[in-house]
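If you want the building blocks of each chain, they are given just below.
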Amino acid sequence: MNVYAGPLSTLEIHLDAIARNYLLLKKKLKSGADCAAVVKADAYGLGAGPVSRALFDQGCRHFFVAHFGEAAVLRHALPEKDAIIYVLNGPWGAEAKAFIEGNFVPVLNSLDDLNYWSGVCKAGNKRHPALLHVDTGMSRLGLSAREATRLFSDKTALQALDIRYIMSHLACADEPKHPHNNAQLTLLRTLTKALPTPSRLSFANSAGIFLGPDYHFDLARPGCALYGIKPFNEGENPMQGTVTLKGRILQTRLIDISSTVGYGASYRVVPPANCATVSVGYADGYLRSLTGRGAVVIGEKKCPVIGRVSMDTIIVDTTTLSVQPRAGDWAEIIGPGQTVDEVAEQAGTIGYEILTSLGKRYQRSYTGA
Ligand SMILES: *Cc1c(COP(=O)(O)O)cnc(C)c1O
């Protein structure tokens, strides 16, 4: 086989692992609670179409995106009428008509959103579904506690609307012992107790599911855990990895005189050393902050990134490998030998950012569909 003919870097997305993660989260939920899937940002970089399809096949019917444009793309991937697509950033980004025609459910994040959507409903003489977001401690989106209290004390306020769920979002659920979790839970309960008619609630993200049944309510909204990111900061990761990311070794080199490696000549190799140049760089989402901190797996052993991360390549030190790799061999960046969370740790960020930064040059494939 001609080694030159194959792809330079590959991204395999394991839909069966995503499906198993979904089923595990669903099983954790108390009975009666439904499990949505957050597929915003192209399903955290993994491909909203194939990922949502796989989750739909597991029984998922609630899908959350952030932008109207993402909802429109998802509608093509999920033509079934019973797939409900919610838009987290609200009724922005398109005419109300487009929301209604696409049957998309906006999250109403402010009194302005609420008034706007009420107006749309009145004008069309139809109560179009929406979610209502109340802020309980994130100060990002949603009605303030004061606004919610006033609104819920007026028995007629929500009558013009078809509010499917009242939702709120946890700020610290990945830290199970953080007192903010219980404070948010208490506030959500207090606020919604004042509602004229009891509403269904949606509260838990991935980490929130692991805080226990008090946090589950009627609809959980996991994202990261579906994709294998560890949802909380303690113990073992109960989720399976969903991605195998590999780059090809383009060239190997025995360095036998004192030499510098990469841009800025910032790293000096002590000879003798073996190096390999791998076909992945910051343009592929291999973050430049991995300079001097990243590692790749070659032959089941970790090889450190040396020198600066370039746009299209990294250089790794393979000296400790008993069998030296050759040009054309693969280096694993994420996979069985190194989790996305480990790469994130090396880069000084979170797994979410690693996945949503994955570049466009990988030869993508979906397995386990
Ligand atoms: C992104 C997001 C989620 C999913 O959070 P994860 O931590 O990825 O599970 C849930 N709800 C809202 C409002 C979000 O913005």
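This text goes with the structure placed above it.
Residues numbered from 1 in each chain as written. Predicted model: local features only at pLDDT ≥ 70, side-chain atom pairs only at ≥ 80, totals over all residues. Heavy atoms only, no water.

### Section: the site of the ligand
Not every one of the 14 residues close to the ligand is listed here, only the nearest: Lys40, Tyr44, Ser206, Cys224 and Tyr352. Note that an oxygen atom of the ligand is positioned 2.9 Å from one of the backbone N or O atoms of Gly223. Side-chain polar atom of Tyr352 to an oxygen atom of the ligand: 2.7 Å apart, as the coordinates give it. Burial of the ligand by the surrounding chains reaches 92%, relative to a free accessible area of 380 Å². Here the residues of the shell around the ligand sort into seven nonpolar, four polar and three charged. (Near = heavy atom within 4 Å. Polar contact = N/O pair within 3.5 Å; in protein donor to acceptor, adjacent residues only side chain to side chain. Areas by Shrake-Rupley, 256 points an atom, 1.4 Å probe, with all protein chains shown as cover. Nonpolar A, V, L, I, M, F, W, Y, C, P; charged D, E, K, R; others polar.)

### Some points on the environment of Tyr44
Along the polypeptide, Tyr44 turns up in helix α2 (residues 40-44). Taking relative accessible area as the criterion, Tyr44 reaches 6% and is therefore assigned buried. For the pair Tyr44 and Gly212, spaced 168 residues apart in the sequence, the C-alpha separation amounts to 25 Å. With near-sequence residues (within four places) excluded, Tyr44 lies in contact with Val38, Gly223, Cys224, Tyr227, Tyr352, Leu355 and Thr356. (Helix = DSSP H or I, 4+ residues; strand = E, 2+ residues; numbered from the N terminus. Buried < 20%, exposed > 50% of the residue type's maximum accessible area, 1.4 Å probe, protein only. Contact = heavy atoms within 4.5 Å.)

### Comments concerning the pairing of strand β16 (residues 301-306)
Where strand β15 (residues 295-298) meets β16, four bridges bridge the pair, whose relative direction is antiparallel. Residue pairing for β16: Val296 is matched across the bridge by Cys303. In sequence, β15 turns back onto β16 through a hairpin of two residues, with Gly299 there showing a positive phi of about 55 degrees. (Pairing = 2+ DSSP bridges.)

### Structural notes on the pairing of strand β18 (residues 330-334)
Among the five residues in β18, four count as buried, and that is most of the element. Looking at chain direction, strand β11 (residues 243-255) and β18 are connected through four bridges and run antiparallel. Bridging across to β18, Arg248 finds its partner in Trp330.

### Thoughts on the packing of aromatic side chains
All chains considered together, the criterion is met by 10 aromatic pairs. Consider the rings of Phe64 and Tyr86, whose centres lie 4.5 Å apart with planes at 15 degrees: the pair is stacked. A residue pair is termed long-range when its members are at least 10 positions apart, and Phe64 in strand β4 (residues 62-65) and Tyr86 in strand β5 (residues 84-87) qualify at 22 residues. Taking the relative accessible area as the measure of exposure, Phe64 reaches 0% and is therefore buried. (Phe/Tyr/Trp six-rings, centres within 6.5 Å; stacked < 30°, edge-to-face > 60°.)

### Structural notes on the pattern of salt bridges
Note on pairing: side chains with opposite charge can pair once their charged atoms come close. Under the defined criterion, the tally for this structure stands at 10 salt bridges. The residue Arg53 makes a salt bridge to Asp57 at a minimum N-O spacing of 3.6 Å. Taken together, the residues Arg53 and Asp57, both in helix α3 (residues 48-57) and four residues apart, mark about one turn of the helix. With a relative accessible area of 56%, Asp57 lands in the exposed category. By relative accessible area, which is 28% here, Arg53 ends up partly exposed. Counted as one network, the salt bridges with shared partners bring together Arg53, Asp57 and Glu80. (Salt bridge = Lys/Arg side-chain N within 4 Å of Asp/Glu carboxyl O.)

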